[in-house]
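# Structural description and commentary
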Amino acid sequence: MSLLRIRNLSVDFATTGGSFRAVDQVDMDVGPGDVQAIVGESGSGKSVSMLATMGLLPWTATVTADEMTFDGHDLRRLTPRARRRIVGKDLAMIFQEPMSSLNPCFTVGFQVKEALRIHLGLGRADRNARALELFDQVGIPAPEKRLNAFPHQLSGGMNQRVMIAIAIACRPKLLIADEPTTALDVTIQAQILDLLLRLRDETGMALILITHDMGVVAETAQRVAVHYAGQKVEEQPVGPLFASPHHPYTAALLAALPERATERRLPAIPGVVPGQFDRPRGCLFSPRCRYADDKCRTVPPPPLGPDLGFARCHYPLNTDERLAS
Amino acid sequence: MTAPVAVASGLTRHYSVKEGLFSKPQTVRALSDLDFTLHPGKTLAVVGESGCGKSTLARLVTMIEPPTSGALELGGKPATPDRWADLRGAVQIVFQDPYGSLNPRQRIGQILSEPLKINRPDMKAADREARAREMLELVGLRPEHYDRYPHMFSGGQRQRIAIGRALMMNPAVLVLDEPVSALDVSIQSAILNLLLDLQEKLDLAYLFISHDLSVVRHIADDIIVMYLGRAIETGTKAQVFAHPMHPYAKALLSATPQADPGGKRNRIKLEGELPSPLADLPGCPFAPRCWKTQDKCRTDRPPLMGDTHRAACWFPE
Amino acid sequence: MDHALSEEVVEQVARPGRLREFWFYFRENRGAVFGLWVFAAFVFIAIFAPLIAPYDPAIQFRAHALQPPVWQEGGSWQFVLGTDPLGRDMLSRLLNGARYSFYVGIVVVTVAASGGILIGLLAGFAPRWLDALIMRLMDIILAFPSLLLALVLVAILGPSLTNAMIAIAIVLQPHYVRLTRASVLGELGKDYVTSARVAGAGLWRLMFVTVLPNCLAPIIVQAALSFSTAILDAAALGFLGMGAQPPTPEWGTMLAEAREFILRAWWVVTLPGLAILVTVLAINLMGDGLRDAFDPKLKRS
């Protein structure tokens, strides 16, 4: 039984030039304790799909889905009041920029205790004790002192720890981390990723990691969904994804990584991600795909079966038939 | 080996900052005692985390600021502030964020030909345009892009324009300040290829500033690892990646995530964070976070030791 | 080549231009569009007033002094909006008054904006001590109630419309200085400015070619809003007898002249007042719309 179940999620934005589809027919299943990664480049709709799940999109967005359930609640039909009880408590999120996600006017301690007060209704002394415990849990040294610090007095890594402390304050069942380490240094990134995985082991929460960094994915995730131009083009467990990608986009993305390069010139992907005004008719990757033919350019491919990583491709790579022929 | 195009010796830059109205001004040691030599056709990568002095180095080498002490030589001539105007053409820079580095109110043609307009006022407008159009092709853009504004381009295309602008004056040195960090992976590889092509074609020397070790490993010839404004390890790419001598370099390498889910490695976990840049530790700057620290590390600052592969550590690996 | 060309055409059709995008956001704000139309009418009247107005604004029809507007008892179609105490046609005077208001607005905004932008640019680029000096000077000007300062200046220079405009321009200038300096400081940190520096751009080039064009959006909004302030202040000065002098058909001066008749003949006071109100309101609405359209923070993504 999955914790978060999404079927056929689409998000459209109203813009100057008409409607723009940011997320296109995305399915998703996350079970308790899973570490699911969503990778994609900018404009792939990876953040938007999660913001839609949280109900945090602006009014210009239209969210449609066949199914969107979290822990037995139908997220599509929640009243704002009921949503507020779930979001921030059972379903928490952290963002890329820890500096701007915290309110600069209040001490970090106040912000942690605020979450405890609103969702758990703890008393003053209990709140303080729990805040100290949380700071300790996320590895903030000298928590008594740090509770009274303002965000600008702490480093980026410390602020991200505070954000994580707020997010896990109510023992969420699912934590969505949107590029949690992109703004941080490499050594701090390693600390934060370790922390997230440790917290998952300790509390049994599920983790959705949104990132563009294949290295981070390879070292932390169990399952990986690859997004391109709003669609989920492939989903596989992390090992098989890196070893035998089925969608040409995944394959090209992996080949373009400098560390997997075999020669001095990297295999680049020509062209750019399609935007609002040049969305292809068939497969969205077809203009940049080296295998594309007329069918790809005219007929949008449906997702294939689980054995082929749900790849949206007419001619998936690394299939047994292809090897045989 | 050919003559170096840029030589820095003892490059140092301090800033004095005042916290409050009445407090004494304090000194931020953004860059201390940096030496390096740049050869044509070679890439020197400067690696380090935020606050290590990478950006200050870029500002000194591109002659936006004078060093507090130390000397920079470009093409054999000392780059002192009174000579800056003559040396402008020799060093150019490409920035990290392609969205901020192009003037939004200028057309691509103007952006490209501006350096010529400033430095070669006697050049005919038609010649400038011809050169700009030539450059457009060289960096892989189409001729019709000449009359467009930056906002009509994607990040990768903008970075091509920024590179083209930097090359308009035929510089010998190109400072690349995290040139691909803001780009998507699929775009990043194309820009790296372009940089390699240009280096071969024009015999450029690159000062490649980056925090991304996998990119550095791909593009660099030599590497300087910096920490808190000081070089703590220098050597060729092979030396530094195969046998990092300084504990920080070792930790940095081990902390870089690798796109290989099978290969689990021993990650060295660094405790703590960067000390304040205001503090002037008497010993090794890395001592507070190092797992091998001994008393000597806290009291005596280690110099760079070794012949080609050098590290500033009393107890190198 | 063919392929490239066809692609070109598609791109041009599909991607909305800057102006169209601007209009899209401007149109969102109904009040702004209304303000724009009223302002357009105002400009039209200001330009063609002598052709539209039925009479010369200075001709006195002594036999028809204080005749009410046409819809009131005693009014006639000869003087649609009635006449003032000296028998001058109100409509003609109001239409011609638009000329003066428009003139005041244009001149004041031009003088204040160009001076303010120059000083602001200077402050943004200047070393710290000069910057501080300029800004404290501006703070001092801002510390005076603006109308009072304008009054003092006019008292020194002598009452006339030109001097009133100079005074108002000086009073409005610090707003431009602050605004320009703030945008300049914001732009200075951006990479394209550093890039221009590395390319060897001199101070003048940096100021006027590189930075200034990127600071203009908030200044344009401020210009629109201070256009209305200028009209209002000029009218106020005129009302106090320190601006345009009679018999100039300036709205504020008209108000002042007719003050004693306020109880007997409402139209001599109300109509110029309404003219000021509608014009200022329209320009302010338009300015708000401009700000919405320029400010990316308020844009929906």
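About the cut-offs
Residues numbered from 1 in each chain as written. Chains lettered and ligands numbered in written order. Predicted model: local features only at pLDDT ≥ 70, side-chain atom pairs only at ≥ 80, totals over all residues. Helix = DSSP H or I, 4+ residues; strand = E, 2+ residues; numbered from the N terminus. Rg over C-alpha atoms; globule rule 2.2 N^0.38 Å. Contact = placed C-beta atoms within 7 Å. Axes fitted to C-alpha atoms, helices over the stretch in contact; angles between N-to-C directions. Parallel < 35°, antiparallel > 145°, perpendicular 65-115°, else oblique. Left-handed = near helix turned anticlockwise from the far one by under 90°. Nonpolar A, V, L, I, M, F, W, Y, C, P; charged D, E, K, R; others polar. Buried ≥ 20, exposed ≤ 12 C-beta atoms within 10 Å, placed from the backbone. Pairing = 2+ DSSP bridges. UniProt positions renumbered as here; feature names shortened; annotations may be inferred. Domains from an automatic or database assignment. Core = buried A, V, L, I, M, F, W, Y, C linked by C-beta atoms within 7 Å. pLDDT = per-residue confidence, 0-100.

## A closer look at the overall build of chain B
- When helices and strands are counted, chain B shows 10 helices and 11 strands.
- Whereas a compact globule of 317 residues would reach a radius of gyration of roughly 20 Å, chain B reaches 21 Å, a difference of no more than 12%.
- In terms of overall dimensions, chain B has a C-alpha envelope of 65 × 55 × 45 Å along the principal axes.
- Of all intrachain contacts in chain B linking residues separated by at least 6 positions in sequence, the fraction that spans at least 24 positions is 65%.

## A look at the interface of chain B and chain A
- In this assembly, 31 residues from chain B lie in contact with 36 residues from chain A.
- With 7 residues, the top contributor of residues to the side of chain B that touches chain A is helix 6 (residues 185–202) of chain B.

## Quick word on the packing of helix 3 (residues 30–52) of chain C against helix 4 (residues 90–125) of chain C
All names here are of chain C.
- As a packed pair, helix 3 and helix 4 sit with axes 8 Å apart at the nearest point and diverge in direction by 130°. If you check the angle between helix 3 and helix 4, you find them oblique. Between helix 3 and helix 4 the crossing geometry is left-handed. Residues F42, V43, I45, A46, A49 and I52 of helix 3 pack against L95, N96, A98, R99 and F102 of helix 4.
- Here the contact of helix 3 with helix 4 is composed, by residue class, of 9 nonpolar, 1 polar and 1 charged.

## A closer look at the pairing of strand 9 (residues 222–227) of chain B
Residue and element names in this part refer to chain B.
- Of all 6 residues in strand 9, 6 are buried; the element is thus mostly enclosed.
- Residues D222, I224 and M226 point to one face of strand 9 and I223, V225 and Y227 to the other, with burial holding for every one of them.
- Pairing between strand 3 (residues 43–47) and strand 9: 4 bridges, direction parallel. Counted as the bridge partner of V47 is V225 from strand 9.
- Pairing of strand 9 with strand 10 (residues 230–236) involves 6 bridges; the strand directions are antiparallel. Bridging across to strand 10, D222 finds its partner in T236.

## A word on the UniProt feature "domain: ABC transmembrane type-1" (unreviewed entry) in chain C
- The UniProt entry lists residues 98–287 of chain C under the feature "domain: ABC transmembrane type-1" (unreviewed entry), expressed in the numbering used here.
- Taken end to end, residues 98–287 of chain C comprises 83% helix and 0% strand; its first and last C-alpha atoms sit 19 Å apart.

## Notes on the domain arrangement of chain B
All names here are of chain B.
- As assigned here, chain B comprises domain 1 (1–18 + 41–46 + 65–210) and domain 2 (221–256 + 269–317).
- The C-alpha-based centres of domain 1 and domain 2 are spaced at 30 Å.
- Across the side of domain 1 that touches domain 2, the residue classes break down as 3 nonpolar, 1 polar and 1 charged.

## As for helix 11 (residues 248–255) of chain A
- Taking burial as the measure, the 8 residues of helix 11 of chain A include 6 buried ones, the bulk of the element.
- Taken together, the buried positions of helix 11 of chain A are P248, Y249, T250, A251, A252 and L253 of chain A.
- Residues of helix 11 of chain A that are buried in the fold lie against strand 10 (223–228), strand 11 (231–237) and helix 10 (238–243) of chain A together with helix 6 of chain B.

## Description of the nonpolar core
- Core analysis: the largest hydrophobic core is formed by 274 residues, its most contacted members being L207 of chain B together with I168 of chain C.
- Of all the elements, helix 9 (residues 203–239) of chain C adds the most residues to this core, at 17 residues.
- Setting aside its immediate chain neighbours within four residues, L207 of chain B contacts L38, L44, V46, V61, V173, V175 and L176 of chain B.

## Comments concerning the sheet that holds strand 1 (residues 6–17) of chain B
Residues and elements named next belong to chain B.
- Ordered by their spatial adjacency, 4 strands build an open sheet running 2-1-4-5, and the pairing between neighbours is antiparallel. Taken across any chain shown, the strands that pair with only one partner, and hence form the sheet edges, are strand 2 (26–38) and strand 5 (77–78).
- By the bridge criterion, 9 bridges tie strand 1 to strand 2 in an arrangement that is antiparallel. Pairing of A8 across the sheet is with F36, part of strand 2.

## Focus: the sheet that holds strand 3 (residues 35–40) of chain A
Residues and elements named next belong to chain A.
- The 6 strands lie next to each other as 7-8-9-3-10-11, forming an open sheet whose pairing is mixed. A single partner strand is all that each edge strand has here, and the edge strands are strand 7 (91–94) and strand 11. Mean inter-strand twist for the sheet, computed between neighbouring axes without regard to direction, equals 15°.
- Judged from the 5 bridges that link them, strand 3 and strand 10 form a sheet pairing that is parallel. By the bridge assignment, V39 is partnered in strand 10 with V226.

## Things to note about the confidence of the model for chain C
All names here are of chain C.
- Residues of chain C with pLDDT of at least 70 account for 92%, and the chain-wide mean is 85.
- The low-confidence segment residues 1–14, where pLDDT is below 50, has 3 contacts with residues more than four positions distant or belonging to other chains.
- Scored below 50 in pLDDT, residues 297–301 shows 4 contacts in the model against residues more than four places distant or in partner chains.
- Both confidence scores are given for the complex: pTM 0.84, ipTM 0.84.

## Side note on the UniProt feature "transmembrane region" (unreviewed entry) in chain C
Residues and elements named next belong to chain C.
- Per the UniProt record, "transmembrane region" (unreviewed entry) is annotated on residues 32–53, 100–126, 147–172 and 265–287.
- Taken end to end, residues 32–53 is 95% helix and 0% strand, and its first and last C-alpha atoms sit 28 Å apart.
- The straight-line gap between the two end C-alpha atoms of residues 100–126 is 38 Å; of that span, 96% is helix and 0% is strand.

## Here we look at the packing of helix 8 (residues 186–203) of chain A against helix 9 (residues 247–255) of chain B
- Two elements in contact, helix 8 of chain A and helix 9 of chain B, have axes whose closest approach is 8 Å; the angle formed by their N-to-C orientations is 50°. For the element pair helix 8 of chain A / helix 9 of chain B, the angle class is oblique. For the pair helix 8 of chain A and helix 9 of chain B, the crossing hand works out as left-handed. When helix 8 of chain A is examined against helix 9 of chain B, the residues V186, T187 and A190 of chain A are found in contact with a partner set consisting of A251, L252 and A255 of chain B.
- Grouping the amino acids of the contact of helix 8 of chain A with helix 9 of chain B by side-chain chemistry returns 5 nonpolar, 1 polar and no charged.

## Some details on the environment of Q222 of chain C
- Secondary-structure assignment places Q222 of chain C in helix 9.
- Sequence-distant contacts of Q222 of chain C, that is, excluding residues within four places in its chain, are made with H175, Y176 and L179 of chain C.

## A look at unusual backbone geometry
- Of note, the amide linkage connecting P246 of chain C to P247 of chain C takes the cis form, showing an omega dihedral of 10°.
- In this structure, P247 of chain C sits in the loop between helix 9 and helix 10 (251–257).
- Positive phi outside glycine occurs at A142 of chain A, with the angle close to 50°.
- Its location among the elements puts A142 of chain A in the loop between helix 5 (124–137) and helix 6 (143–146).
- You will see that E179 of chain A, though not glycine, has its phi angle at about 45°, which is positive.

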